[in-house]
Amino acid sequence: MRRKPFKSSVEIEINIKPTSDIFIAVFLSASKNRLILIAIINAVLIDSGYDRIVSARVLNPFSVTDYADGKQIILDVRVEDEKGQLYNIEI
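Here goes a summary of the coordinates provided.

Bringing the overall build of the protein chain into the picture now. Scanning the protein chain from terminus to terminus reveals three helices and three strands. Counting from the amino terminus, helix and strand elements in the protein chain follow one another as α-α-β-α-β-β. Every one of the 91 residues in the protein chain was classed for burial, and the buried ones make up 22%. Expressed as a percentage of contacts within the protein chain between residues at least 6 apart in sequence, the contacts between residues at least 24 apart total 43%.

Moving on, we get to the side chain of N42. Examined against the element boundaries, N42 turns out to sit in helix α2 (residues 34–47). Apart from the residues within four sequence positions on either side, N42 is in contact with R52 and I53.

Right, let's talk about α2 for a bit. With 14 residues, α2 ought to run about 20 Å at 1.5 Å a step, and its terminal C-alpha atoms sit 20 Å apart, in line with that. For α2, the full list of buried residues reads L37, I38, I41, N42 and L45. Projected down its long axis, α2 carries its buried residues within an arc of 125 degrees, all on one side. In α2, those exposed residues whose orientation departs by more than 90 degrees from the buried face are L35, V44 and D47. Residues of α2 that are buried in the fold lie against α1 (21–29), β1 (56–58), β2 (77–81) and β3 (86–89).

Ranked by internal contacts, the top residues of the largest apolar core, which has 13 residues, are L37, I41, I53, V79 and I89. For I41, the residues in contact, after removing those within four places along its chain, are I53, V79, Y87 and I89.

With that out of the way, let us pick up the sheet that holds β3. Across the sheet, three strands lie side by side as β1-β2-β3; this open sheet has antiparallel pairing. The outermost strands of the open sheet, each flanked by one partner alone, are β1 and β3. Taken pair by pair, the neighbouring strands of this sheet meet at an average axis angle of 30 degrees, ignoring direction. Here β1 runs beside β2; their pairing, made up of three bridges, is antiparallel. Counted as the bridge partner of V58 is V79 from β2. Together, β1, β2 and β3 form the strand contacts of α1, whose direction differs from that of β2 by roughly 30 degrees. Of the strands in this sheet, β1, β2 and β3 touch α2, which is tilted by about 115 degrees from β1.

For V77, the position within the fold is in strand β2. V77 sits in the buried class, given a relative accessible area of 0%. Taking C-alpha positions, V77 is 7.6 Å from L59, a pair spaced 18 residues apart along the chain. Residue contacts for V77: discarding those within four places in its chain leaves I24, A25, L28, S29, V58, N60, Y87, N88 and I89.

Thresholds applied
Residues numbered from 1 in each chain as written. Predicted model: local features only at pLDDT ≥ 70, side-chain atom pairs only at ≥ 80, totals over all residues. Heavy atoms only, no water. Helix = DSSP H or I, 4+ residues; strand = E, 2+ residues; numbered from the N terminus. Buried < 20%, exposed > 50% of the residue type's maximum accessible area, 1.4 Å probe, protein only. Contact = heavy atoms within 4.5 Å. Expected span 1.5 Å × (residues − 1). Arc of directions from axis to C-beta. Core = buried A, V, L, I, M, F, W, Y, C linked by side-chain atoms within 4.5 Å. Pairing = 2+ DSSP bridges. Axes fitted to C-alpha atoms, helices over the stretch in contact; angles between N-to-C directions.

Geometric values such as these leave the question of function open.
Encoded structure:
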């Protein structure tokens, strides 16, 4: 006997564009994506003639609770490198 797939009485569709503030904030703030964050910063730095960075620390990690409470995200990600240089990332 085959089971019928579970169907909820309420369907929720989540459509988050990869260029939206919420996607960028969640993606770049996640510790598992730290190397991607560093690569993005380095791509811009090298293209602009600056030295690359080795490490980065997110200063404003994304908070689902704050977002759910209606607080706006003003800056996608704020990062500090190993030399103390600050980077404001807005995509």
